[in-house]
Amino acid sequence: IPALKQRTQTLAGQTSLPTENGFYMCNNTTSTTTNPFTNLTNGTNNAVELPISVSTPMSVIAHTHNSPSNTFYSVPSWEDLDDFSKYMQENPTFVDSENLVFIVITADGTRYALTINTIELFKDFFYWPKYDIANYDYSKLLRKNNAMTEYYYGNPSANPPVLPKIKENSTSNSQDLKHFLNMLQVGVAGVDVFEVNSTYTTFTQVTYNPNTNQIARTNCN
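Quick caveat: nothing in here was measured; it's all calculated off a predicted structure.

Undergrad: Even after reading the chapter, I still don't get the nonpolar core, so can you show me in this structure?
TA: The nonpolar side chains of a soluble globular protein tend to be buried, and buried together. F84, Y152, F180, M183, L184 and V193 are the most contacted members of the largest nonpolar core, which has 40 residues in total. Contacts of M183, omitting those with residues within four sequence positions, involve W78, F125, A147, Y151 and Y152. Of all hydrophobic cores here, the second largest spans 12 residues; its members include M25, F37, F194 and Y200.

What follows is the structure, encoded as structure tokens:
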């Protein structure tokens, strides 16, 4: 879809705005589709909201983390993925999960594309008991809450307070990415992560090696 690159570049130019912006594309889109992209609407806290109905499953969902950069994450937020897990289970026909590309562009200058390689692992890591009543698994919920606390929310009531590993006001995008990848890899979350260059022509898969504390990069073009 040649227009997708241009639409994503346009979205990247909106990270300086005070509200999140985004769009989605359905999986029946072709190079001749008229108006292939639908803008996401703003909801609470100026964040974008996913649609309440779609004509066909979505295969691309993209949104920004807006300005100022020190109040938004340089990597996908916990809510980005946890709320998306909930959304998919509430609306199983809305998302083409096997072919989905989930794009996040931030005011910190980072650009990531995520894919789900194993949907069941994704739903297990970002676990919602209300969709698993017959097989409720407390260990999954505990693992989820521990990851959320360790990486994103910390424990401010502890003595001394425990800070999260990923912070909105972090000054190191690289460190944020290491923590984000480590969370997904340790938790076996079924997610692949790709860095995207500024022209949206190069995609590089990124993984984290905890033994060397380095990010490994594999060009996917």
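Resuming the write-up.
Undergrad: I'm lost on a nonpolar patch on the surface in this one. Help?
TA: Nonpolar side chains collect at one region of the surface, where Y136, Y138 and L142 lie side by side and expose about 330 Å² of accessible area between them. Looking at where Y138 falls in the secondary structure, it is placed in helix α4 (residues 138-153). Classification of Y138 as exposed rests on a relative accessible area of 51%.

Undergrad: Sorry if this is basic, but what is going on with the packing of helix α2 (residues 78-90) against α4 here?
TA: For any two helices packed against each other, the geometry comes down to the angle between their axes and how far apart the axes lie. Relative to each other, α2 and α4 sit at 155°, their axes nearing to 11 Å. In this view, α2 runs roughly antiparallel relative to α4, as classed from their interaxial angle. Every residue of α4 that contacts α2 at W78, E79 and D82 is listed here: K144, A147, M148, Y152 and Y153. Residue composition of the contact of α2 with α4, grouped by class: 5 nonpolar, no polar and 3 charged.

Undergrad: I'm lost on unusual backbone geometry in this one. Help?
TA: Glycine aside, a negative phi is what most residues show, and trans is what most peptide bonds show. Residue P68 is bonded to the preceding S67 through a cis peptide linkage, with omega at 0°. Within the fold, P68 resides in the loop between β5 (58-65) and α2. With an omega of 0°, the peptide bond running from N159 to P160 counts as cis. Mapped onto the elements of the fold, P160 is located in the loop between α4 and α5 (173-186). Although it is not a glycine, N35 adopts a positive phi angle of roughly 50°. Along the polypeptide, N35 turns up in the loop between β1 (22-26) and β2 (37-39). Judged by its relative accessible area of 67%, N35 is exposed.

Undergrad: Teacher, can you tell me more about the packing of α4 against α5 here?
TA: Packing of α4 against α5 brings their axes to within 11 Å, and their N-to-C directions diverge by 175°. Classified by the angle their axes make, α4 and α5 are roughly antiparallel. Between α4 and α5, the residues in contact are A147, Y151 and Y152 and H179, F180, N182 and M183, respectively. Taken together, the residues of the contact of α4 with α5 sort by class into 5 nonpolar, 2 polar and no charged.

Undergrad: What is the right way to read the packing of aromatic side chains from this model?
TA: For any pair of aromatic rings, the description consists of the separation of the ring centres together with the inter-plane angle of the planes. Overall, the coordinates contain 11 aromatic pairs when judged by the stated rule. With a centroid separation of 5.4 Å and an interplanar angle of 45°, the aromatic rings of F84 and F102 are classed as tilted. With F84 in helix α2 and F102 in strand β6 (residues 101-106), this residue pair connects regions lying 18 residues apart in the sequence. One exposure class covers both F84 and F102, and it is buried. An aromatic cluster is defined as three or more aromatic residues linked by ring pairs; in this entry it consists of Y73, W78, F84, Y87, F94, F102, F122, F125, F126 and Y152.

Rules used in this analysis
- By convention here, each chain's residues receive numbers from 1 onward along its written sequence.
- Local features in this predicted model are restricted to residues whose pLDDT is 70 or higher, and side-chain atom pairs enter the listing and the counts only when it is 80 or higher, whereas totals over whole chains, interfaces and linings include all residues.
- As a rule here, side-chain values cover all heavy atoms of the structure and leave hydrogens and water aside.
- We define the nonpolar core as a collection of buried residues of types Ala, Val, Leu, Ile, Met, Phe, Trp, Tyr and Cys that are connected through side-chain atoms lying within 4.5 Å of one another.
- Exposure classes here rest on a 1.4 Å probe applied to the protein chains alone. A residue is buried below 20% of its type maximum, exposed above 50%, and partly exposed in between.
- Here, two residues are considered to be in contact whenever any of their heavy atoms come within 4.5 Å of each other.
- By definition, no residue in a patch forms a salt bridge, and every one has over 30% relative accessible area; like charges are joined within 9 Å, nonpolar side chains (Val, Leu, Ile, Met, Phe, Trp, Tyr) within 5 Å.
- With residues, only the protein chains shown are counted as cover, and all accessible areas are computed by Shrake-Rupley using a 1.4 Å probe.
- Take a side-chain nitrogen of Lys or Arg and a carboxyl oxygen of Asp or Glu: if they are within 4 Å of each other, that pair is a salt bridge.
- Secondary structure is summarised from DSSP: a helix means a run of H or I of at least four residues, a strand means a run of E of at least two, and numbering begins at the N terminus for each.
- To define axes, lines are fitted to C-alpha atoms, for helices over the stretch in contact only, and angles between the resulting N-to-C directions are given on a 0 to 180 degree scale.
- When an angle is under 35 degrees it counts as roughly parallel; over 145 it counts as roughly antiparallel; between 65 and 115 it counts as roughly perpendicular; any other value is oblique.
- Any residue outside Ala, Val, Leu, Ile, Met, Phe, Trp, Tyr, Cys, Pro, Asp, Glu, Lys and Arg is labelled polar, Gly included; the first ten of those are nonpolar and the last four are charged.
- Here a Phe, Tyr or Trp ring, Trp counted by its six-membered ring, pairs with any other such ring whose centre lies within 6.5 Å, and the pair is stacked when the planes are under 30 degrees apart, edge-to-face when over 60, and tilted otherwise.

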